[in-house]
Amino acid sequence: MRKFFTIVLFLSLCIVSRAQDLTVTVDGKPVSNGEVVISSRDVAVELNGEVYSWELKPVVNFISEKGTDIQVTVTNLGDGYIRYWDGVVVTDPTVAFCGIKVIGGFPSGTCEYLHAGEKYTHNQILPANVTGVGQIYMVSSNYAHPVPMELRSTSAIKVVYGRETLEFTLKMEYKDPGIDTGIESVASEGVDFKIIDGAVVADEEVEVYDLTGSRVENMNLNGMYVVRIADKSTKVIVK
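Residues numbered from 1 in each chain as written. Predicted model: local features only at pLDDT ≥ 70, side-chain atom pairs only at ≥ 80, totals over all residues. Heavy atoms only, no water.

**A closer look at the overall build of the protein**
Scanning the protein for helices and strands turns up one helix and 22 strands. Out of the 239 residues belonging to the protein, those deemed buried represent 38%. Of all intrachain contacts in the protein linking residues separated by at least 6 positions in sequence, the fraction that spans at least 24 positions is 66%. For the protein, the computed accessible surface area is about 13,400 Å², with 52% contributed by carbon and sulfur atoms. (Helix = DSSP H or I, 4+ residues; strand = E, 2+ residues; numbered from the N terminus. Buried < 20%, exposed > 50% of the residue type's maximum accessible area, 1.4 Å probe, protein only. Contact = heavy atoms within 4.5 Å. Areas by Shrake-Rupley, 256 points an atom, 1.4 Å probe, with all protein chains shown as cover.)

**Brief notes about the environment of Met138**
Topologically, Met138 is positioned in strand S13 (residues 132–140). With relative accessibility at 0%, the residue Met138 sits in the buried group. Considered as a pair, Met138 and Val95 are 43 residues apart in the sequence and their alpha carbons are 5.1 Å apart. Setting aside residues no more than four positions away along its own chain, Met138 makes contact with Trp54, Glu55, Leu56, Tyr81, Ile82, Pro93, Thr94, Leu151, Arg152, Ser153 and Met172.

**Comments concerning the state of the cysteines**
With the rule as written, the count across this model stands at one disulfide. Covalent S-S linkage joins Cys98 and Cys111, the inter-sulfur distance amounting to 1.9 Å. On the S-S bond that ties Cys98 to Cys111, the torsion sits near 110°, and the link is right-handed. A residue pair is termed long-range when its members are at least 10 positions apart, and Cys98 in strand S10 (residues 95–101) and Cys111 in the loop between S10 and strand S11 (112–114) qualify at 13 residues. (Disulfide = S-S within 2.5 Å.)

What follows is the structure, encoded as C-alpha cells:
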C-alpha cells in the first residue's frame, strides 16, 4: 500500500512539474490559466524623426526549462476600435500575429492580420531556457494623424504545449492622458476659438464631433468633443 501511494505521489509531482514547465508572462507578469490580462504598453514608431504610427505592443514571453513543442492560437474577439482626434473611428481594426521570435530571427512566414472573429495558429519548437517573444500587437494605421485618442482590442490566447493547455484573454488598451485633464479646452497649435453659450466660435468653419466620431450640432454642447477648425483638430471639454 505504501508503495502504491509513493507511485501516485511521484506521478502527481511529474504532472505538476510538466504543467509548470512553460511560463508565460505579459509585460513581465506571469499569466495563469483563465486570467484576463490588460496591457496598455504603447509604442510610437518614428520615421525621419516624426511619429509614423502608434502601436499597442504588449511584451508576451514564453520560456520552457526543458524545451517543448508550442502551439499558439490568437483569436480576435471583435470588440476593438480606434478613435482619432480628427473624428475618424475605425470599428474593426485588425490584430497582428507574427508568430514567436526566438534567437536566430523571426519565424518563417508573414504576419497574419486578424479581423473580428478570425484566428491564426502558429506552431514552433521552443528550445530549453530560451525566451520566445510572442509578436501580438495592434497598429494605428491613420498615417495622416498617427497618434490616436483611444485604441482597444481583445484577443483570446490559447497555448498548447505537450499535453498541457494555457488559455487567457489579452486586452490591449490605450487612452490618451489628455482626455481626462478636466480643463476647459486643449487647443492644438494654431487653433483659435472661444466657447460662448455652449458653442465653439472661431473665425473659420467649425466642425464638432462626439467621442464616437459622429458629427453633432455646434450648440448646447456639454462634455468632451473633438473640434475641427480648417485643417486642424483639438480636443475640447465644454462645461
